[in-house]
Amino acid sequence: MTGTEAAPTFTVTGFTNNVSIPDANHPYYLHSSIAPGMSLVITPFDGRGFPGWRRSVLIAISAKNKLGFINGTCGKPALNATEYPQWSRCNDMVTSCLLNSLTKVIRDNVTYSRTAKDLWSSLEYRFGKSSGAKLYHLRKEILKLDQGNSCIAGYFTTLKRFWDELDSLNSHLGCTCDCICDGKKKIAKFMEDQRVIQFLMGLNDFYAQARGNILMMSPFPDID
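Positions within a chain are numbered from 1, following the residues in the order the chain's sequence is written. Where local features are concerned, this predicted model is filtered to residues with pLDDT of at least 70; where side-chain atom pairs are given and counted, the filter is 80 or more; whole-chain, interface and lining totals use all residues. To get the side-chain values, all heavy atoms of the structure are used, and hydrogens and water are removed first.

## Section: the packing of helix α6 (residues 132-144) against helix α7 (residues 152-169)
Two measures define how a pair of helices packs: the angle their axes make with one another and the distance between the axes. Running from N to C, α6 and α7 point in directions that differ by 155°, and their axes come no closer than 10 Å. Compared by their axis directions, α6 and α7 come out roughly antiparallel. Considering the relative orientation of α6 and α7, their crossing is left-handed. Counting all contacts with α6, which are made through Lys134, Leu135, Leu138, Arg139, Glu141 and Ile142, the residues of α7 involved are Leu159, Phe162, Trp163, Glu165, Leu166 and Leu169. Three classes are used: nonpolar for Ala, Val, Leu, Ile, Met, Phe, Trp, Tyr, Cys and Pro, charged for Asp, Glu, Lys and Arg, and polar for all others, with Gly counted as polar. Its residues assigned to classes, the contact of α6 with α7 shows eight nonpolar, no polar and four charged. Angular values range over 0 to 180 degrees, each being the angle between N-to-C directions of two axes fitted as lines to C-alpha atoms, with helices fitted over their stretch in contact. Helix and strand definitions follow DSSP, with helices as H or I runs of at least four residues and strands as E runs of at least two, each counted in order from the N terminus. Here the word oblique covers every angle except those under 35 degrees (roughly parallel), over 145 (roughly antiparallel) and from 65 to 115 (roughly perpendicular). The hand of a helix crossing depends on one turn: near helix anticlockwise from the far one by less than a right angle means left-handed, and clockwise means right-handed. Any two residues whose heavy atoms approach within 4.5 Å at even a single point are treated as in contact.

## Observations regarding the side chain of Thr95
Turning to its location among the elements, Thr95 is positioned in helix α3 (residues 84-99). Its relative accessible area of 11% is what places Thr95 among the buried residues. Here a polar contact is taken to be a pair of N or O atoms separated by no more than 3.5 Å, where protein atoms must pair a possible hydrogen donor with a possible acceptor and residues adjacent in sequence count only if both atoms sit in side chains. There is a polar contact of 3.4 Å between the side chain of Thr95 and the backbone nitrogen of Ala116. Every residue in contact with Thr95, bar those within four places of it in the chain, is listed here: Thr115, Ala116 and Leu119. For each residue, the accessible area found with a 1.4 Å probe, counting protein chains only, is set against the maximum for its type, and the residue is called buried under 20%, exposed over 50%, and partly exposed in between.

## Structural notes on the nonpolar core
Counting residues in hydrophobic clusters, the biggest one holds 31 residues, and the most contacted among them are Trp53, Val57, Leu98, Leu102 and Leu123. When contributions to this core are tallied by element, the ones reaching two or more residues are α1 (50-63), α2 (68-71), α3, α4 (104-110) and α5 (116-127). Looking at this core, the element that brings in the most residues is α3, giving eight residues. Beyond its immediate sequence surroundings of up to four residues, Val57 is in contact with Leu40, Val41, Leu98 and Trp120. Counting residues in each nonpolar core, the second largest holds 15 residues, with Leu159, Phe162, Leu203 and Ile223 among its members. For the purposes of this section, nonpolar cores are sets of buried Ala, Val, Leu, Ile, Met, Phe, Trp, Tyr and Cys residues that join through side-chain atoms within 4.5 Å.

## Thoughts on a nonpolar patch on the surface
Taken together, the side chains of Ile187, Phe190 and Met191 present a nonpolar region at the surface, about 320 Å² in accessible area. Relative to the elements of secondary structure, Met191 occurs in helix α8 (residues 183-201). Judged by relative accessible area, which is 41%, Met191 ranks as partly exposed. Think of a patch as exposed residues, more than 30% relative accessible area, with no salt bridge, where like charges cluster within 9 Å and nonpolar side chains (Val, Leu, Ile, Met, Phe, Trp, Tyr) cluster within 5 Å. Surface exposure here means Shrake-Rupley accessible area, sampled with a 1.4 Å probe, where a residue is shielded only by the protein chains that are shown. What makes a salt bridge here is a side-chain nitrogen of Lys or Arg within 4 Å of a carboxyl oxygen of Asp or Glu, nothing more.

## Structural notes on the packing of α7 against α8
Two elements in contact, α7 and α8, have axes whose closest approach is 11 Å; the angle formed by their N-to-C orientations is 140°. Considered as vectors, α7 and α8 are oriented oblique to each other. By crossing handedness, the relation of α7 to α8 is classed as right-handed. Where α7 abuts α8, its residues Ile152, Tyr155, Phe156, Leu159, Trp163, Leu166 and Asp167 lie against Arg195, Gln198 and Phe199. Along the lines of polarity and charge, the residues of the contact of α7 with α8 split into seven nonpolar, one polar and two charged.

## Details of the pattern of salt bridges
In a structure, side chains of opposite charge can pair up when their charged atoms sit close to one another. One pass over the structure, following the stated rule, counts nine salt bridges. One salt bridge connects Glu124 with Arg54, and the closest N-O pair in it is separated by 2.7 Å. Placement of the pair is Glu124 in helix α5 and Arg54 in helix α1, with a sequence separation of 70 residues. The shortest N-O distance in the salt bridge between Asp118 and Arg114 comes to 3.6 Å. Here Asp118 falls in the partly exposed class, since its relative accessible area comes to 30%. Take Arg114: its relative accessible area is 73%, and that puts it in the exposed class.

Right, dumping it as structure tokens:
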């Protein structure tokens, strides 16, 4: 989908006139559930936890068939093109939804972005890049985390959220080559075992016996 073609329509013939109905599968189609004041996420982005917020927004926009307006596949048509009004309306709607998913401090910095893609690219540039400071604070949070007064499920959920955010920051380090050895599997198993140990280290002393039994298992069970 290039975004340079007009949204197709279906024509329904009645007794007195013909009614054109927009194709609901086209990116230019706006469902009645999409409103300018809506937010794509429950909690607006405040500068922290960008990977999780980003994933939630992408899921919401994909469900509304509007990903093309932030990844560039639905490019801006010429001003005199017949489909420009449709594109402009959808672009403004996506922009509005993105702005409503940000806190005021961050929203004020991107309010004047020309397109939804420009707004999204600005957020990616400012918050999406992995940095030493982010890795430092994230690893520090992981190292000091323990079960405390939480139940095991709550403790594990918090720890896994940190792990997922760490993985998203290090996603560029993944190997994409076609290896014929088991190197990638061994590294993945090693990382999994490290997380099992990290999880066990944070458990309260009440689970000391269960922790000892798990540590004696060979091979280690997976983290789930």
